[in-house]
Every structure is written in C-alpha cells, then in structure tokens.
Amino acid sequence: MEPGQERRWRVPPGHVVVKCAAAAAVTALLVLYSHDPQFLFLAGAAAIGLNVLALRDLVAPVRLAADGDGLTVVTGYARRHRLRWEQVVSIRVDERRRLLLHTRILEIETADDLYLLSAFDLGSDVHDAADELYRLRARTDR
C-alpha cells in the first residue's frame, strides 16, 4: 500500500438496501394497521429497530479502515475511533461452531478494548480482512 492510500471495509450496499426496504415496509404496515393495539406494539418495536439499524448503515457504512499509520474502527452507533498500529496488540479471527451455525469474527485487540467485526460489517470474509491487516501492519513495522 502506497503512502496516503487507505483500505476500507464497508457494509455491502445490498444489505443496506434490504434493511431500508424492510424498515419502510414495516413502517408502512404500522400506519396501515394502527387500529390494532397488539400489532401496533409489535410492528412499532420492529420498525424502530429496523430504522435504527438502517440509519447506522447509512451514517457509518465504513466499519474499518486501515492505512500506513493505523486503523479507524466504528464503535458504538457511529463513532469512529482511531488506533495507531503500536496500540494494536493483536489481530485474530475467532471461529465457533454451535448447533448448525458457524460464526467468524475479526477481533482487533488493544490494551484497553476489543473490537469485533463480522463479515456483514466488513463486506468480505474476515480471514481476507485479517490477512490484509497483517500484511499492512508488517509493512509499517519495518
């Protein structure tokens, strides 16, 4: 990676579109069936949740960025936290199998925090992202 270049991992645009469409559909159902109190409660909770998730994807689509100086990670709802490479203690992929699910999470550990990113956050396989981060970090350690 050349100086000044940055690698970014973002939520796939297709996922954002699906979340926005689902949020709009549930919100429309909420308006159409506002006379039913039970449906109103359930659809209201679903609409709020979907709208919050869709808005986060629109406000902070890039969940991880890396350059020669370090990383920028989205924390909380949409806050960006900058980490220098010296602050990063380890980068690893945690894989677990439970029941019929196989989960892979990219873990970025510092002395004070642990940042967890899934393939849905990165828009790519977590192993590929980890490999790219290893290579970038190795180039900056020289």
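Each value, and the rule that gives it
- Residues numbered from 1 in each chain as written.
- Predicted model: local features only at pLDDT ≥ 70, side-chain atom pairs only at ≥ 80, totals over all residues.
- Heavy atoms only, no water.
- Domains from an automatic or database assignment.
- Contact = heavy atoms within 4.5 Å.
- Buried area = accessible area lost by both parts, 1.4 Å probe.
- Salt bridge = Lys/Arg side-chain N within 4 Å of Asp/Glu carboxyl O.
- Polar contact = N/O pair within 3.5 Å; in protein donor to acceptor, adjacent residues only side chain to side chain.
- Helix = DSSP H or I, 4+ residues; strand = E, 2+ residues; numbered from the N terminus.
- Nonpolar A, V, L, I, M, F, W, Y, C, P; charged D, E, K, R; others polar.
- Pairing = 2+ DSSP bridges.

## A short note on the domain arrangement of the chain
Next, step 1: According to the domain assignment, the chain contains domain 1 (10-59) and domain 2 (66-141).
Next, step 2: Computed from C-alpha coordinates alone, the two centres of domain 1 and domain 2 are separated by 29 Å.
Next, step 3: Listed per partner, the contact involves eight residues of domain 1 and nine residues of domain 2.
Next, step 4: Both sides of the domain 1 and domain 2 interface together cover about 680 Å² of buried area, and 50% of this is carbon and sulfur.
Next, step 5: When residues of domain 1 are sorted by the area they lose upon contact with domain 2, Arg10, Arg56 and Val59 head the list and together hold 61% of the total.
Next, step 6: Seen at the junction of domain 1 and domain 2, the total is zero salt bridges.
Next, step 7: Here domain 1 and domain 2 share six residue pairs in polar contact (both at pLDDT 80 or more) between them.
Next, step 8: Broken down by element, the side of domain 1 that touches domain 2 gets its largest block of residues, four residues, from helix H2 (residues 37-59).
Next, step 9: The residue inventory of the side of domain 1 that touches domain 2, partitioned by class, reads five nonpolar, one polar and two charged.

## What about the pairing of strand E6 (residues 101-110)?
Next, step 1: As defined by bridge partners, strand E5 (residues 88-98) adjoins E6 across ten bridges and the pair is classed as antiparallel. Directly across from Arg97, in E6, lies its bridge partner His102.
Next, step 2: Hairpin connection between E5 and E6: a loop of two residues separates the two successive antiparallel strands, and Leu99 in this loop has a positive phi of roughly 50 degrees.
Next, step 3: Pairing analysis gives five bridges linking E6 to strand E7 (residues 114-118), with the strands arranged antiparallel. In the strand pairing of E7, Glu109 is matched with Leu114.

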